[in-house]
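Coordinate analysis (summary)
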Amino acid sequence: VTDAATTGSGYGVLDDYKTLNTYSSNGTYYLYDVTKPMNGVIETFTARNGSSLPGYYSTDSNNSWTAYSQAADVDAHAYAGKVYDYYKNTHNRNSFDNNGATIRSTVHYGSNYNNAFWNGSQMVYGDGDGSTFTSLSGALDVVAHELTHAVTERTAGLQYQYQSGALNESFSDVFGYFLDPGDYLMGEDVYTPGISGDALRSLSNPSKYGQPEHMNNYVNTSSDNGGVHTNSGIPNKAAYNTISSIGKAKAEKIYYRALTVYLTPTSNFSYARAALLQSAADLYGSGSSTYNSVKAAWDAVGVY
Ligand SMILES: O=C(O)[C@H](CCc1ccccc1)CC1(C(=O)N[C@@H](Cc2c[nH]c3ccccc23)C(=O)O)CCCC1
Ligand SMILES: [Ca+2]
Ligand SMILES: [Zn+2]
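Now for a quick tour of the structure. Remember, it's a predicted structure, so these values are computed and weren't measured experimentally. (Residues numbered from 1 in each chain as written. Chains lettered and ligands numbered in written order. Predicted model: local features only at pLDDT ≥ 70, side-chain atom pairs only at ≥ 80, totals over all residues. Heavy atoms only, no water.)

A few words now on the coordination of the zinc ion (ligand 3). Only His145 (NE2), His149 (NE2) and Glu169 (OE) from the protein coordinate the zinc ion (ligand 3), and they sit 1.9 to 2.0 Å from it. Coordination of the zinc ion (ligand 3) draws on donor residues from a single chain, spaced H-x3-H-x19-E in sequence. With a gap of 24 residues between them, His145 in helix H2 (residues 140-154) and Glu169 in helix H3 (residues 162-179) connect regions that are remote in the sequence. We note that His145, like Glu169, is buried. (Donors = N, O, S within 2.8 Å, 3.2 Å for Na, K, Ca; no water. Helix = DSSP H or I, 4+ residues; strand = E, 2+ residues; numbered from the N terminus. Buried < 20%, exposed > 50% of the residue type's maximum accessible area, 1.4 Å probe, protein only.)

Next comes the structure, spelled out in structure tokens:
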């Protein structure tokens, strides 16, 4: 019996070819990635369209993951690995707990399930209904969004309600951008497969998808945990303002430092402004142009 790390290949949700870190045991191949440092494991399961988690290991007989039914598995696995690499290489963070925690994903959750989530232990992705969404693991920014919820949970712990919840949401969208910097859109690769150019959210123009982009338009509601997916438009716009003026490289350092050093479970928008300014001061100096750009970014959305 020879168990071994192997390299497979297959096609993702957008029919894009990619190689995969897999594992072979007793002639079966698994989406089980043991290539990360300090024994960090990335593993992918399928719920077989049920709702039991984690479900079943995604397997293949010949390490060629080419079936349409495997595309969601392929992307969940490949993109989880990309997000792991981003946090390790850019922020020296070893998995979401910074201690090599296993990153587990389950795809094919539910029936025509038009959503995805981090359930406190793992990532979960629906297949979509083919109209509103295609398989949600097919978008790198969505995978980064979900895994960033895990990072936030282990660091700032931003409570998932009202302003702290909207910040929680915003940090997930912002790190979704850092992983997928080709556009300021969220979920565009899997949202409405029959319509091009649209998205779930826009960081540059939140109002295009019904989100406020100024504190004057903050939505007071109890639905969606106090509008966490709506009011995230305000910090998202501030993030866009910041990134477009200081660039991605500096912005991601400032955002990561704020998330891991200064933010707390009950931080509101004003506190987030202060945390990001302090992070900019720590990293680039309090009188720096970078600091002043962060200040201007939040002034522009009416958060002081
Ligand atoms: O992680 C999150 O914040 C979202 C988690 C949603 C969820 C929460 C609790 C149990 C189940 C599902 C999932 C995503 C999200 O933003 N969902 C929004 C928008 C959305 C997606 N599918 C929907 C279907 C109906 C209504 C809204 C939606 C939401 O749930 O509000 C993030 C990236 C893409 C999907
Ligand atoms: Ca995107
Ligand atoms: Zn979220």
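Having seen the structure, we can now continue with the description.
If you walk through the whole model with that rule in mind, you get 11 salt bridges. The residue Asp85 makes a salt bridge to Lys36 at a minimum N-O spacing of 2.7 Å. In this pair, Asp85 is assigned in helix H1 (residues 71-91) and Lys36 in the loop between strand S4 (32-33) and strand S5 (42-46), connecting sequence segments 49 residues apart. What makes Asp85 partly exposed here is its relative accessible area of 29%. When its relative accessible area of 10% is taken as the criterion, Lys36 is described as buried. Where Asp173 meets Arg201, a salt bridge forms, and the shortest distance between an N and an O atom there is 2.7 Å. Here Arg201 lies in strand S13 (residues 201-202) and Asp173 lies in helix H3, a separation of 28 residues in the sequence. Judged by relative accessible area, which is 0%, Asp173 ranks as buried. (Salt bridge = Lys/Arg side-chain N within 4 Å of Asp/Glu carboxyl O.)

In this structure, Asp141 (OD), Asp180 (OD), Asp183 (OD), Leu185 (O), Glu188 (OE) and Glu188 (OE) serve as the protein donors to the calcium ion (ligand 2), at separations of 2.1 to 2.7 Å. Coordination at the calcium ion (ligand 2) is irregular, judged from the 6 donor atoms that bind it and the angles of 51 to 159° they form at the metal. Counting the intervening residues between successive donors of the calcium ion (ligand 2) yields the motif D-x38-D-x2-D-x1-L-x2-E. Taken together, the residues span a long stretch of sequence, with Asp141 in helix H2 and Glu188 in the loop between strand S12 (185-186) and S13 at a distance of 47 residues. Both residues of the pair, Asp141 and Glu188, belong to the buried class. (Tetrahedral: all angles 85-135°; square planar, octahedral: opposite > 155°, others 65-115°.)

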